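# Results of the structural survey
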Amino acid sequence: MFLKITNSTEDCFLKIVLIFLIILTFNGLQAQEIHSVSLNEAVKLAKENNKKILRSQLETALSEQNIKERKELRLPDIELNGEYSRITNITEFKGNGFLNGKEVTKAIPEIYQVNSTFKMPIYAGNKINNAIKIANQENEIAKIKTEKTENDIELEVVANYLAIYKMLELQKIFEENIKEEKSRLKEVQSLQKHGTVTKNEVIRAELQLSDRELNSLTNSKNIKIALHDLKTLIQIPENEEVAIDTIATIDKMNNLDPYNFYLEKAFQNEEMRIASQELNIKKTELKLVKANYLPTVNFFGNYGFYYPNYKFFPPNPYLYTLGQIGIEAHFDISALYKNKTKVQQATTQIEWQKMQSEITKDEIQDKLFKEHTQYQEILEKFVVVDKALDLANENYRIVKLKYLNQLVLITEMVDADNALLQAKYNKISTRLDAVLKHYELLHTAGIMPNEI
């Protein structure tokens with residue numbers, strides 16, 4: 001028995017297929033949503049959304065809470081205690097022998113007591129003030145580290161963005177070159193049919209085209225990887241594709257200032273300020289250790305309800321209250337000989353931190369000098385690469401003309417083509433390297449711009 005397909009059934013089926021295709025198309029469009037960002041927008045998004053920056057901001061918040069916790073050490077400690085117990089009778093042995101002359105005094109079997117105590121520090125060798133001071137110094141370090149993280153991420157975004165820009169420009173060169181190589185291959189194949197060139201030249205042209213296509217494929221995959229890294233840096237959702245806007249990126253170049261200008265700024269960069277604060281912490285910790293030589297003085301008090309009254313014997317079966325208020329002092333005599341090593345350790349840590357600060361200073365100075373020199377070198381390359389491109393274009397024109405007139409072999413044509421491709425890439429690469437080196441120099445000097 002065969003199923004009869006009516007017109008209405010067929011119409012219904014077509015509608016279902018149409019709806020299904022519409023849904024697939026809509027989902028495809030959603031999946032392919034492209035988020036185009038400029039360099040300035042990428043840096044802004046990273047500062048707002050990057051997880052490392054958000055983590056450093058949480059660390060700053062924790063350090064601020066630590067300050068509040070240290071300040072609370074000045075507040076009194078207040079306790080409320082309660083107790084209930086049952087006791088046995090009191091048995092005394094008043095005889096001369098062991099367990100002889102036993103005399104039992106009946107005790108009140110239940111004991112109740114509720115009391116409260118408080119203690120407030122009056123003087124602790126300035127330990128509390130120094131603890132608060134260390135917390136404030138740690139908070140300053142946390143703020144500087146947040147600033148440093150932001151600048152590090154900014155530089156990472158710039159480096160990633162410019163690397164993508166460089167690869168995109170290289171991809172354009174490859175695509176133009178591939179078109180030309182395909183056209184040349186057709187010419188060579190045509191010449192071979194007429195017997196004017198050998199099979200070897202055809203193979204050479206095919207190899208050259210194949211090499212360019214492989215380079216283009218590799219570069220396109222590298223672009224995808226770099227774009228994904230950029231997407232992670234600026235926290236673009238996974239269902240969006242990111243693209244870069246390269247308008248005016250190369251033109252934003254500042255002149256190179258004298259080395260001493262950057263050096264003066266670098267001595268106040270994030271790393272040097274962190275080192276300075278760490279040295280201050282070590283000095284405060286020394287004061288904290290020395291405070292162990294000093295006494296502590298507290299204001300205290302207590303008040304409670306007690307039953308029965310065991311202040312007398314036999315005890316009285318009455319509820320009574322008792323309070324106490326006063327000042328107590330504590331001095332640890334053993335600290336006079338136990339604390340010496342701690343003081344020596346704290347003093348040595350100060351000297352270590354001073355040396356570490358000097359090492360950091362030397363490293364920054366060396367790094368800055370290297371980057372300043374490299375930046376100057378890249379700027380001086382501009383004239384060279386521009387001239388090299390002009391020469392490569394002229395060489396390519398001459399060799400191509402000779403090749404079309406069968407005056408040179410295809411190997412010379414390939415060499416001229418490679419030289420031109422390299423010259424084009426060198427010009428773009430040098431400009432972008434200068435931009436990146438400029439930001440690296442500013443980063444080391446601690447003067448990264450707020451806007452790019």
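Residues numbered from 1 in each chain as written. Predicted model: local features only at pLDDT ≥ 70, side-chain atom pairs only at ≥ 80, totals over all residues. Heavy atoms only, no water.

If you look the protein chain up in an unreviewed UniProt entry, it shows as TolC family protein from Flavobacterium pectinovorum. Database annotation for the protein chain, UniProt heading Subcellular location (unreviewed entry): "Cell outer membrane". According to the UniProt record, the Sequence similarities (unreviewed entry) comment for the protein chain reads "Belongs to the outer membrane factor (OMF) (TC 1.B.17) family." (UniProt positions renumbered as here; feature names shortened; annotations may be inferred.)

### Quick notes on the packing of helix 5 (residues 199–234) against helix 10 (residues 410–445)
Look at helix 5 against helix 10: their axes get within 10 Å of each other, and the N-to-C directions meet at 20°. Taken together, the axes of helix 5 and helix 10 are roughly parallel relative to one another. For the element pair helix 5 and helix 10, the recorded crossing hand is right-handed. Every residue of helix 10 that contacts helix 5 at Glu201, Arg204, Ala205, Gln208 and Arg212 is listed here: Ile410, Thr411, Val414, Asp417, Asn418 and Leu421. Its residues assigned to classes, the contact of helix 5 with helix 10 comprises 4 nonpolar, 3 polar and 4 charged. (Axes fitted to C-alpha atoms, helices over the stretch in contact; angles between N-to-C directions. Helix = DSSP H or I, 4+ residues; strand = E, 2+ residues; numbered from the N terminus. Parallel < 35°, antiparallel > 145°, perpendicular 65-115°, else oblique. Left-handed = near helix turned anticlockwise from the far one by under 90°. Contact = heavy atoms within 4.5 Å. Nonpolar A, V, L, I, M, F, W, Y, C, P; charged D, E, K, R; others polar.)

### Looking at the packing of aromatic side chains
For the structure shown, the criterion picks out 7 aromatic pairs. Note on Tyr259 and Phe369: the rings are 5.6 Å apart at their centroids and 90° apart in plane angle, and the pair reads as edge-to-face. Linking Tyr259 in helix 6 (residues 259–266) with Phe369 in helix 9 (residues 340–404), this pair joins segments that are 110 residues apart in sequence. Aromatic side chains Phe261 and Tyr262 sit 5.3 Å apart centroid to centroid with 75° between the ring planes, which places their arrangement in the edge-to-face category. Phe261 sits in the partly exposed class, given a relative accessible area of 34%. The ring of Phe267 has Lys361 sitting right over it, with the charged end atom 4.8 Å from the ring centre. Arg431 extends its terminal NZ or CZ atom over the ring of Phe382, reaching a point 4.3 Å from the ring centre. (Phe/Tyr/Trp six-rings, centres within 6.5 Å; stacked < 30°, edge-to-face > 60°. Buried < 20%, exposed > 50% of the residue type's maximum accessible area, 1.4 Å probe, protein only. Lys NZ or Arg CZ within 6 Å of the ring centre and 35° of its normal.)

### Some remarks on the sheet that holds strand 2 (residues 77–86)
Taken together, the 4 strands give an open sheet; going across it, the order is 2-5-7-8, and neighbouring strands pair in antiparallel fashion. Here the strands that pair on one side only, and so sit at the sheet edges, are strand 2 and strand 8 (320–330). Across the sheet, the axes of successive neighbouring strands diverge by a mean angle of 15°, strand direction being ignored. Examined bridge by bridge, strand 2 and strand 5 (residues 110–123) share 10 bridges and lie antiparallel to one another. The residue of strand 5 that forms the bridge with Glu79 is Thr117. (Pairing = 2+ DSSP bridges.)

### Examining the UniProt feature "coiled-coil region" (unreviewed entry) in the protein chain
As annotated by UniProt and renumbered to match this structure, "coiled-coil region" (unreviewed entry) occupies residues 132–191. Secondary structure within residues 132–191 divides into 100% helix and 0% strand; the distance between the first and last C-alpha atoms comes to 87 Å.

### A word on the environment of Met448
Take Met448: it is sitting in the segment after helix 10. Once the C-alpha coordinates of Met448 and Glu154 are considered, the two residues, 294 residues apart in sequence, prove to be 8.4 Å apart. Discounting residues that sit within four places of it in the chain, Met448 has contacts with Asn151, Glu154, Leu155, Tyr439, Leu442 and His443.

### Details of helix 5
Compared with the 52 Å implied by 1.5 Å per residue over 36 residues, the 53 Å span of helix 5 between its first and last C-alpha is a close match. Of the residues flanking the end of helix 5, it is Gln235, one or two places downstream, whose phi is positive at about 60°. (Expected span 1.5 Å × (residues − 1).)

### As for the side chain of Asn115
Counting through the fold element by element, Asn115 comes out in strand 5. Not counting residues up to four positions away in its chain, the partners in contact with Asn115 are Glu79, Leu80, Asn81, Tyr303, Gly304 and Tyr306.

### As for a nonpolar patch on the surface
A surface patch of nonpolar side chains, about 540 Å² in accessible area, is lined by Leu80, Val114, Tyr303, Phe305 and Leu319. Exposure remark for Val114: the relative accessible area of 44% places this residue in the partly exposed category. (Patch = residues over 30% accessible without salt bridge, like charges linked within 9 Å, V, L, I, M, F, W, Y side chains within 5 Å. Areas by Shrake-Rupley, 256 points an atom, 1.4 Å probe, with all protein chains shown as cover. Salt bridge = Lys/Arg side-chain N within 4 Å of Asp/Glu carboxyl O.)

### A short note on the domain arrangement of the protein chain
Where interface size is given, it is often the accessible area lost as the parts come together that is meant. The domain boundaries assigned to the protein chain delineate domain 1 (34–87 + 120–248) and domain 2 (254–295 + 331–451). Between domain 1 and domain 2, the C-alpha centre-to-centre distance is 18 Å. At the interface, 46 residues of domain 1 touch 44 residues of domain 2. The junction of domain 1 with domain 2 conceals about 4,100 Å² of combined surface from both sides, 65% of it contributed by carbon and sulfur atoms. A per-residue breakdown of the area domain 1 buries against domain 2 is headed by Ile144, Leu155 and Lys166, which together make up 14% of the total. At the junction of domain 1 with domain 2, the criterion picks out 4 salt bridges. (Domains from an automatic or database assignment. Buried area = accessible area lost by both parts, 1.4 Å probe.)

### Some details on the packing of helix 2 (residues 39–49) against helix 3 (residues 51–71)
At a closest axis distance of 6 Å, the pairing of helix 2 and helix 3 adopts a crossing angle of 40°. Relative to helix 3, the element helix 2 lies oblique. Side by side, helix 2 and helix 3 meet where Ala46, Lys47, Glu48 and Asn49 of the first sit next to Lys51, Ile53 and Leu54 of the second. Among the residues making up the contact of helix 2 with helix 3, the classes are represented as 3 nonpolar, 1 polar and 3 charged.

### Focus on the nonpolar core
Judged by nonpolar contacts, the single largest core of 49 residues is most densely connected at Val157, Leu230, Ile234 and Leu368. Those elements giving two or more residues to this core turn out to be helix 2, helix 4 (127–193), helix 5, strand 6 (240–245), helix 6, helix 9 and helix 10. If you tally residues by element for this core, the top one is helix 4, at 12 residues. For this core, the domains that each give at least three residues are domain 1 (34–87 + 120–248) and domain 2 (254–295 + 331–451). Ignoring any residue separated from it by four or fewer positions in sequence, one finds Val157 in contact with Ala42, Val43, Ala46, Leu230 and Leu233. Counting residues in hydrophobic clusters, the runner-up holds 19 residues, among them Ile178, Val188, Ala205 and Tyr396. (Core = buried A, V, L, I, M, F, W, Y, C linked by side-chain atoms within 4.5 Å.)

### Observations regarding the environment of Lys145
Position of Lys145 relative to the elements: it lies in helix 4. A sequence separation of 56 residues divides Lys145 from Glu201, and the C-alpha atoms of the two residues are 61 Å apart.

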